[in-house]
Amino acid sequence: AAAGDPAITQVQPWAQMLGEGVDARPYGTPSPFEAHVVRRNVPWLTADPVSSVSFTPLHELDGIITPNGLCFERHHAGIAEVDPGEYRLMINGLVDRPLVFTLQDLLRFPRENRVYFLECAANSGMEWRGSQLNGCQFTHGMIHNVMYTGIPLRLLLEEAGVKTSAAWIMPEGADAAAMTRSIPLEKAMDDCLVAFRMNGEALRPEQGYPVRLVVPGWEGNMWVKWLRRIEVGDQPWHHREETSAYTDLMPDGRARRFTWVMDAKSVITSPSPQAPITHGPGHTVITGVAWSGRGAILRVDVTLDGGITWHQARMSGPSFDKSMHRFYYEFDWDGRPLLLQSRAMDSTGYVQPTKEKLRELRGLSSIYHNNGIQTWAVNEQGVAENVEIS
Ligand code: MTE
Ligand code: CO
């Protein structure tokens, strides 16, 4: 237009005065224009926000790392505000030397840096019987992907001297829920970490400050936060979280137990119900995330027509075992309706199943371990909706 674009021709408010100095924001927070990028909860899901879950805004993120302030939260008894000076980690049970570590003691062990996803076993659980929640934040947002700094649990167990009769460990949280789970010793000695940093900074209180257990590739419930004790034993404890919860009711009325590994899964994060296409037909970027508790993601395929034709997506970003992967698919949208799906394949050759296939095997009574393929229907206006097709 003749007048020109005022965003170019006029001096903007932020250029008409000096900005804040380097001392104004000693611990930085995002731009106020990003205020909509937040964790959200679904009030009707639980009776109370103290024993509840909030969801990671996956549709607003890119790359593979979840910013600390946006990592979904799942607490059974709220956030424990642990004083690091009073923090203790006890190792007892079938060990030669029961030990108690302070935080300072832990910092004298060799540490490692590893990127892992944590997915709650209940992620997508509300979708077992059909599409329900309109947005990938709610259908898939019980996941975060973080670089942990921590001590291999093996080193602490070796320090205590695990007896030959030992076969299981039981981590316990210091929160009012005193969360406990049984974990096979083999996993504990393999890749578990006793972590105290996330993405470089101290763990956030929501994520278990000052210390949490990291159980790579396995369901989030086992990643005990505010870790205060590890008991070593010769059999599982059969506690609440592995009997009444975190089991999968099968069609024959029996329940699967000890289904620890999170299988390969993916979701398109944009476009999606909370992230519609607003630019009309033409160049369009599809993006999403994929992960597997059994290894790396080798390949993600994307379909625009509900699975009739598949296109290999472009992976971009570091590929670590048991970490989130980022994929993109760029195409020219002709403005016609789309049925978007993504399908992940992991380094074991396992391919993410359709929801139909999953229900054939597992029935309709499950909550946990729903890794079925997600469909978004996009209309001519670019509005996306959570649907199922068969
Ligand atoms: N650890 C303790 N001590 N208390 C808890 O309530 N919730 C578990 C697990 N560890 C929980 C806990 C569940 S069910 C999940 S999914 C993860 O923590 C969630 O971790 P996050 O809050 O960092 O997302
Ligand atoms: Co959980």
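Residues numbered from 1 in each chain as written. Chains lettered and ligands numbered in written order. Predicted model: local features only at pLDDT ≥ 70, side-chain atom pairs only at ≥ 80, totals over all residues. Heavy atoms only, no water.

Next up on the list: the sheet that holds strand β13 (residues 227-233). The five strands lie next to each other as β5-β4-β13-β8-β9, forming an open sheet whose pairing is mixed. Bordering the open sheet on either side are β5 (99-101) and β9 (183-184), each of which pairs with just one other strand. Across three bridges, the pairing between strand β4 (residues 89-93) and β5 is antiparallel. Within the sheet, the bridge partner assigned to Leu89 lies in β5 and is Phe101. (Pairing = 2+ DSSP bridges. Helix = DSSP H or I, 4+ residues; strand = E, 2+ residues; numbered from the N terminus.)

Another aspect to go through is helix α4 (residues 153-160). If you check which residues of α4 are buried, you get Leu153, Leu155, Leu156, Leu157 and Ala160. Remark: Gly161 follows α4 within two positions and exhibits a positive phi of approximately 80 degrees. (Buried < 20%, exposed > 50% of the residue type's maximum accessible area, 1.4 Å probe, protein only.)

Cis peptide bonds are those with omega within 30 degrees of zero, and the linkage from Tyr209 to Pro210 qualifies with 5 degrees. Positionally, Pro210 belongs in the loop between β11 (201-202) and β12 (212-214). Cis geometry marks the peptide bond from Ser270 to Pro271, where omega comes out at 0 degrees. Mapped onto the elements of the fold, Pro271 is located in the loop between β16 (265-270) and β17 (282-291). The backbone of Tyr246 shows a phi angle near 55 degrees, a positive value even though the residue is not glycine. Classification of Tyr246 as buried rests on a relative accessible area of 5%.

With respect to spatial proximity, 21 residues lie near ligand 1, and among them Phe72, His76, Asp175, Arg212 and Lys225 are the closest. Residue His76 places a main-chain N or O atom 2.7 Å away from an oxygen atom belonging to ligand 1. Measuring from an oxygen atom of ligand 1, one finds a side-chain N or O atom of His144 at 2.9 Å. Calculation on ligand 1 without its partners gives an accessible area of 530 Å², and the protein chains cover 100% of this total. (Near = heavy atom within 4 Å. Polar contact = N/O pair within 3.5 Å; in protein donor to acceptor, adjacent residues only side chain to side chain. Areas by Shrake-Rupley, 256 points an atom, 1.4 Å probe, with all protein chains shown as cover.)

Turning next to the domain arrangement of the protein. Segmenting the protein into domains produces domain 1 (74-256) and domain 2 (265-387). Relative to domain 2, the C-alpha centre of domain 1 lies at a distance of 29 Å. Across the contact, 38 residues belong to domain 1 and 35 residues belong to domain 2. Together domain 1 and domain 2 conceal approximately 3,100 Å² of surface at their shared face, both sides included; 55% is due to carbon and sulfur atoms. (Domains from an automatic or database assignment. Contact = heavy atoms within 4.5 Å. Buried area = accessible area lost by both parts, 1.4 Å probe.)

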